[in-house]
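Read off the chains here:
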Amino acid sequence: MSELSNQKKSISPPFWRNKKIIPIILQVVFAIIVLAFGYLLIDNALNGLRQIGLQLGFDFLANTAGFSISEAMIDYQPTDTYGKALLIGMLNTLRVAFFGIILTTILGLIVGLSRMSNNWLLSKIAGVYIEIFRNTPLLVQIFIWFYAVFLPMPKIQEALQIGPMLFSNRGTAIPWYEKNQGILLWGILFLVSLVIALFVYRLMLKKQIESGKKNFPSLWALGVIVVIAIISYVVTGNTPVTFHAPSVAGNGFDGGFVLSPGFSAILLGLVIYTSTFIAEIIRAGVNGVNKGQSEAAKALGLKNSTALRLVIFPQAIRIIIPPLTSQYLNLTKNSSLAVAVGYQEIVSIGNTVMNQAGRPIEAIAIMIAVYLTFSLITSLFMNYFNKKAQLVER
Amino acid sequence: MNNEPQINVTTGTSVVGPPKKTVGVGSWLKTNLFGTWPNIILTIVSTAIILYVVFHTGKFIFTADWTVIETNFRLLMVGQFPLEETWRVWVAIFLISALLGSSWGLWQGVMKHVALVIGGLMVVSLVLPFIQTNTRLILVGNIICIFLFYIIGRKVKKLKIPVLLLWILFIPLVISLFNGFGILPKVNSNIWGGFLLTLLIASVAIVCSFPLGVLLALGRRSKLPVVKWFCIIYIELIRGIPLITILFVFQLMLPLFLGNSIDVSNVLRAMVGFTLFSAAYLAENIRGGLQSIPRGQFEAAQALGLNSTYTMGFVVLPQAIKAVIPACVGQFISIFKDTSLVAIVGLTELLGMGQKVIANPAFLGKNMEVFLFIAFIYFIFCSLMSYVSRRLENTLGAGER
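Per-chain numbering applies: the sequence of each chain, read as written, is numbered from 1 onward. Whichever chain is written first becomes A and whichever ligand is written first becomes 1, with later ones labelled in order. Totals for whole chains, interfaces and linings use all residues, but because this is a predicted model, local features are given only for residues with pLDDT of at least 70 and pairs of side-chain atoms are given and counted only at 80 or more. Values reported for side chains reflect all heavy atoms of the structure, with hydrogen atoms and water molecules removed beforehand.

Undergrad: Is there a simple way to think about the overall build of chain A in this case?
TA: Across its full length, chain A holds 12 helices and eight strands. Put simply, the radius of gyration uses C-alpha atoms, and a globule should come to 2.2 Å times the residue count raised to 0.38. Expected size for 394 residues packed as a compact globule is a radius of gyration near 21 Å; at 29 Å, chain A overshoots this value by more than 25%. Considering only C-alpha atoms, chain A reaches an extent of 90 × 65 × 45 Å along its principal axes. Here chain A holds 394 residues, and 38% of them are scored as buried. A sequence separation of at least 24 residues applies to 67% of the contacts in chain A between residues at least 6 apart. Accessible surface area values rest on a Shrake-Rupley calculation with a 1.4 Å probe, where residue burial reflects the displayed protein chains alone. Surface accessibility of chain A: about 22300 Å² in total, with carbon and sulfur atoms responsible for 67%. Across chain A, 30 positive and 16 negative side-chain charges occur, with their mean positions spaced 15 Å apart. Only DSSP runs of H or I with at least four residues qualify as helices, and only runs of E with at least two residues qualify as strands; both kinds are numbered from the N terminus onward. Remark: exposure states derive from per-residue accessible area (1.4 Å probe, protein chains only) relative to the maximum for the residue type, with buried under 20%, exposed over 50%, and partly exposed in between. In this analysis, two residues are considered to be in contact whenever any of their non-hydrogen atoms come within 4.5 Å of each other. Counting rule for charge: Lys and Arg are taken as positive, Asp and Glu as negative, and neither His nor the chain ends is counted. All charge positions are set by atom: Lys at NZ, Arg at CZ, Asp at CG, Glu at CD.

Undergrad: Help me understand the interface of chain A and chain B in this model?
TA: Frequently, the measure chosen for interface size is the accessible area that the parts lose on association. On the side of chain B, 52 residues touch chain A, which itself brings 52 residues to the contact. Between chain A and chain B lies a buried interface of about 4300 Å² when both sides are counted; carbon and sulfur atoms form 76% of it. What counts as a salt bridge is simple: a side-chain nitrogen of Lys or Arg found within 4 Å of a carboxyl oxygen of Asp or Glu. Between the two partners, chain A and chain B, sit one salt bridge. A salt bridge links Glu131(A) to Arg390(B); the shortest N-O distance between them is 3.9 Å. Contacts described as polar in this section are N or O atom pairs within 3.5 Å, which, within protein, must combine one atom able to donate a hydrogen with one able to accept it, while residues neighboring in sequence count only if both atoms come from side chains. At the surface where chain A touches chain B, the tally comes to 10 residue pairs in polar contact (both at pLDDT 80 or more). Contributions of two or more residues to the side of chain A that touches chain B are made by helix 2 (21–52), helix 4 (120–134), helix 5 (138–150), helix 8 (261–288), helix 11 (346–357) and helix 12 (360–393) of chain A. No other element matches helix 2 of chain A, which puts 14 residues into the side of chain A that touches chain B. Summed over both partners, buried area is the accessible surface (1.4 Å probe) that two parts give up on being assembled.

Undergrad: Would you mind going over the packing of aromatic side chains with me for this structure?
TA: Aromatic ring pairs are defined here through the distance separating the ring centres and the angle between the ring planes. Only Phe, Tyr and Trp rings take part, Trp by its six-membered ring, and two of them pair if their centres are within 6.5 Å. Stacked means planes under 30 degrees apart, edge-to-face means over 60, and tilted covers everything else. By the definition in use, this model includes 25 aromatic pairs over all chains. Each residue in the set Phe143(A), Phe146(A), Tyr147(A) and Phe371(B) is aromatic and connected to the rest through ring pairs, giving one cluster. Positioned above the aromatic ring of Phe263(A) is the side chain of Arg95(A), whose terminal nitrogen or guanidinium carbon lies 4.3 Å from the ring centre. Whether a charge sits over a ring depends on NZ of Lys or CZ of Arg being within 6 Å of the ring centre and within 35 degrees of the ring normal. Residue placement shows Arg239(B) over the ring face of Tyr281(B); its charged tip is 5.7 Å from the ring centre.

Undergrad: Looking at this structure, how should I read the confidence of the model for chain A?
TA: Low-confidence regions, as indicated by low pLDDT, have predicted coordinates that should not be scrutinised in detail. A score between 0 and 100, pLDDT records how confident the predictor is in each residue. Of all residues in chain A, 95% attain a pLDDT of 70 or more, and the chain-wide mean is 84. Within chain A, the element-level pLDDT minimum falls on helix 1 (residues 2–9) of chain A, averaging 52, and the maximum on helix 8 of chain A, averaging 93.

Undergrad: Explain the environment of Met385(B) to me, please; I cannot follow it from the model alone.
TA: Residues and elements named next belong to chain B. With respect to the element layout, Met385 can be found in helix 15 (residues 367–396). Note on Met385: relative accessible area 22%, which makes it partly exposed. Put simply, Met385 and Ile244 are 141 residues apart on the chain and 24 Å apart in space, counted from C-alpha to C-alpha. Discounting chain neighbours no more than four positions away, the residues touching Met385 are Val329, Phe332, Ile333 and Phe336.

Undergrad: Help me understand the pairing of strand 3 (residues 171–174) of chain A, please; the structure alone is not making it clear to me.
TA: Consecutive side chains of a regular strand alternate in pointing toward one face of the sheet and then the other. All names here are of chain A. Across the two faces of strand 3 the burial is the same, with Gly171 and Ala173 and Thr172 and Ile174 all buried. Two strands pair under a simple rule: DSSP has to find at least two bridges between them. Direction of pairing for strand 2 (residues 165–168) relative to strand 3: antiparallel, over a ladder of three bridges. From the neighbouring strand, Ser168 faces strand 3, where its bridge partner is Gly171. Bridge count between strand 3 and strand 8 (residues 257–259): three bridges; the pairing is antiparallel. Across the sheet, the residue bridging to Thr172 is Leu259, located in strand 8.

Undergrad: How do you make sense of a positive patch on the surface when you look at a structure like this?
TA: All names here are of chain B. A contiguous patch of positive charge on the surface is contributed by Arg154, Lys155, Lys157 and Lys160. Considering the arrangement of structural elements, one finds Lys157 in the loop between helix 6 (133–155) and helix 7 (160–179). Using a relative accessible area of 44% as the deciding quantity, one classes Lys157 as partly exposed. Patch membership needs two things, relative accessible area over 30% and no salt bridge, and members are linked within 9 Å if like-charged or within 5 Å if nonpolar (Val, Leu, Ile, Met, Phe, Trp, Tyr).

Undergrad: Explain the pattern of salt bridges to me, please; I cannot follow it from the model alone.
TA: Proximity of charged atoms lets side chains of opposite charge pair with each other. Within this structure, the stated rule accounts for 10 salt bridges over all chains. Here Glu280(A) makes a salt bridge to Arg134(A), at a shortest N to O gap of 3.7 Å. One end of the pair, Glu280(A), is in helix 8; the other, Arg134(A), is in helix 4, and 146 residues separate them in sequence. Of the charged contacts, one joins Glu284(B) and Arg287(B) as a salt bridge, the two residues approaching to 3.1 Å between their closest N and O atoms.

Undergrad: Would you mind showing me how to read the domain arrangement of chain B here?
TA: For chain B, the assigned domains read domain 1 (28–63), domain 2 (82–186) and domain 3 (195–401). Residue ranges assigned to the domains are those given by an automatic or database domain assignment. On a C-alpha basis, the centres of domain 1 of chain B and domain 3 of chain B stand 39 Å from each other.

Undergrad: Looking at this structure, how should I read helix 13 (residues 308–338) of chain B?
TA: Note on helix geometry: an α-helix contains 3.6 residues per turn, so any two residues three or four positions apart are oriented the same way. Residue and element names in this part refer to chain B. When the terminal C-alpha atoms of helix 13 are compared, their 37 Å separation across 31 residues is substantially less than the 45 Å that a helix rising 1.5 Å per residue should span. The reported bend at a residue is simply the angle between two axes, fitted to the 7 residues ending at it and to the 7 residues beginning with it. Along helix 13, the helix axis deviates most sharply at Ile325, where the bend reaches about 55°; the proline Pro326 sits within four residues downstream. Two to three positions downstream of the cap, the backbone nitrogen of Thr309 sits 3.2 Å from a side-chain oxygen, assigning the N-cap of helix 13 to Asn307. To estimate the expected span of a helix, subtract one from its residue number and multiply by 1.5 Å.

Undergrad: I would appreciate a short explanation of the confidence of the model for chain B in the present structure.
TA: All names here are of chain B. In the predicted model, chain B carries a mean pLDDT of 84, and 93% of its residues have values of at least 70. Summarising per-element confidence for chain B, the mean pLDDT is lowest in helix 1 (residues 25–32) (76) and highest in helix 8 (residues 194–220) (92). Below a pLDDT of 50 lies the segment residues 1–5, which in the model reaches four contacts outside its immediate sequence neighbourhood of four places, other chains included.

Undergrad: Quick question: what am I supposed to make of a nonpolar patch on the surface here?
TA: A surface patch of nonpolar side chains, about 870 Å² in accessible area, is lined by Phe216(A), Leu219(A), Trp220(A), Leu222(A), Val226(A), Ile230(A), Tyr233(A) and Val234(A). The residue Val226(A) is located in helix 7 (residues 217–236) in this model.

Undergrad: Explanation requested: the packing of helix 8 of chain B against helix 11 (residues 266–291) of chain B in the structure shown.
TA: Residues and elements named next belong to chain B. Where helix 8 contacts helix 11, the axes come no closer than 5 Å and their chain directions differ by 45°. As the angle between them shows, helix 8 and helix 11 are arranged oblique. Regarding helix 8 and helix 11, the two cross each other, and that crossing is right-handed. Ten residues, namely Ala, Val, Leu, Ile, Met, Phe, Trp, Tyr, Cys and Pro, are considered nonpolar, four, namely Asp, Glu, Lys and Arg, are considered charged, and the remaining ones, Gly among them, are considered polar. Its residues placed into classes, the contact of helix 8 with helix 11 shows 23 nonpolar, four polar and three charged. Axis definition: a line fit to C-alpha positions, over the contact stretch in the case of helices; interaxial angles, taken between N-to-C directions, run 0 to 180 degrees. In this scheme, roughly parallel covers angles under 35 degrees and roughly antiparallel covers those over 145, while 65 to 115 is roughly perpendicular and the rest are oblique. Crossing chirality is assigned from the near helix's rotation relative to the far helix, an anticlockwise turn below a right angle marking it left-handed and a clockwise turn marking it right-handed.

What follows is the structure in structure tokens.
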């Protein structure tokens, strides 16, 4: 107050026009409004919870969950705790996000390159694909996959066979590997072969640069890996893993890896939907590279594919990475739609916990924390990658 | 490479024009489809894919039993909106027709295409076999309305401001029409449904989130640390979590947070959730626009003696928003698509209604038909919006940077 009265005495402008004081007053008012609003909400919530007889806190995580989870990556029983159930939900989210990101990148790359192809027909197909799948909501696509494709599949005894894969209303079985005895030795020898191959590659490349003759360094490196693979086959007497095609046995699949209809639907939906965005990002990135670059590459006599690989792509990647990151994050966030098709990831399990334990605030806080962590980790990783790509430049 | 210009190097006299562009079916086929061996293989593979997909899609479309759509068409469109109150929906549609027609007359350009597509949709629904006669008459009336107002719009250029005002007031008008203005009986929001609800949620979210997004973007660039950090935390928090969790928060926790005193309907909760969600994304788009405005603009405005409010409102913001309109339309498209998520929290918009329909034992096994129909409706409207966005990008020249 004394400060204000001092100012009134001086010739400086009155306080409602003082450029130093106004912002402070505004901020204080803003903070008071926000805090008061927040206080009102939290007070209401606490009152409401008290009325229903619930309390706040995360101690419930140690209680018995009591519900079963059909697809758990680690061993889980209904007698386990809520905490473990939520952990499994998180792992399931990671699983769908991990495979989704890999597959959608591959598909997006294929579609994006097709869109830019010189072949008119191929480019048009890619364009129609992009238009159709990016202009229909993801959830509708997931529902189509789930309710109209995977659920109406035949019963498990009459499972539909396409190649080595089996489709039934219980899920899709795909061939999967089984570890053989000598896998440890195989792994060690494989690592050794990688190191030697890298060494040979460097050596041959150096020779090629010195002599000017073609020495085929990558072929040499590949040769080293193949030779060591043959040696390890002879030593261990079998391959590292055996692939088993699934077959139907009674009421279940025998061998192979079974994907539930929910998982297949969410994965396919996410992969196809996101791939359209990635295709457009890749196209924009490649088009964003200065035209002079491709002309210069042509003038140097580089083949189209070589120019794309060595000249265009390293520059395009810098334009591509930031939007690509946000697409990966979108895919991870969109995996929460699995709650609609019964694949139990973090939102789905959080929802169950919310209803069963009667802890809405805590359950939602956990979901939010999990997703924020994912976002943060992905952005950090991509920022690091982005920096690496930037350094390549000059 | 066949028609290399023959330049006479020794004399250097002949000035050769650019090579003639080869035209004609043969050369077009050669350059685009059958130029090289890989190209030929690609063409053959693509043709095979097209034939396969077209054949199977066509076979499905013509052999599928579409009676499920015929029987439930009304449900899918307006949900359980009472039959005797349907006239209110028609009034809203007439208002849209009039607005579209007059905007077409007034502004031409994009509005022409939008009006024509909406009119085209009406013509298509006109010829659908299962539409009742009086509905057909109303549709014809709508189409006439579009053209009538087109002519009025072309003649009377003074209408620009009233039409703009009506566009802005359109959503509140329609909602108060459904609520009955306090005169008519109220049509409760929990029986709004079908595509009508989809459109209502999407348009409320779009209209309300835009000003909120502008405020958040300005706040994030503000010099006041408290405001700035509040905006940063809000934007990053919302952008970091999936929409479905926000919808859960609003469906389940809003009643808890607001206490028992205030009763908020399901539909309103969803609308608030969507608005707050998309405001964060729009804010980031608009911030991009604000950053693209060169410093000179601020300095020029200051030199003219404008204070910071006027600088923002009259100089910077108009340019920034113009620059990001296409990006914002992209955001609007994704809001429109995301409205399908309210089906998960139990509202019966288009997709939720579809789920109800397939849950009916009478329509067992008709999942594909119902969902394809829904996907088709979404596709039409999203394509229309993305077309508008592309046109705007060209006319505003905003894409060129």
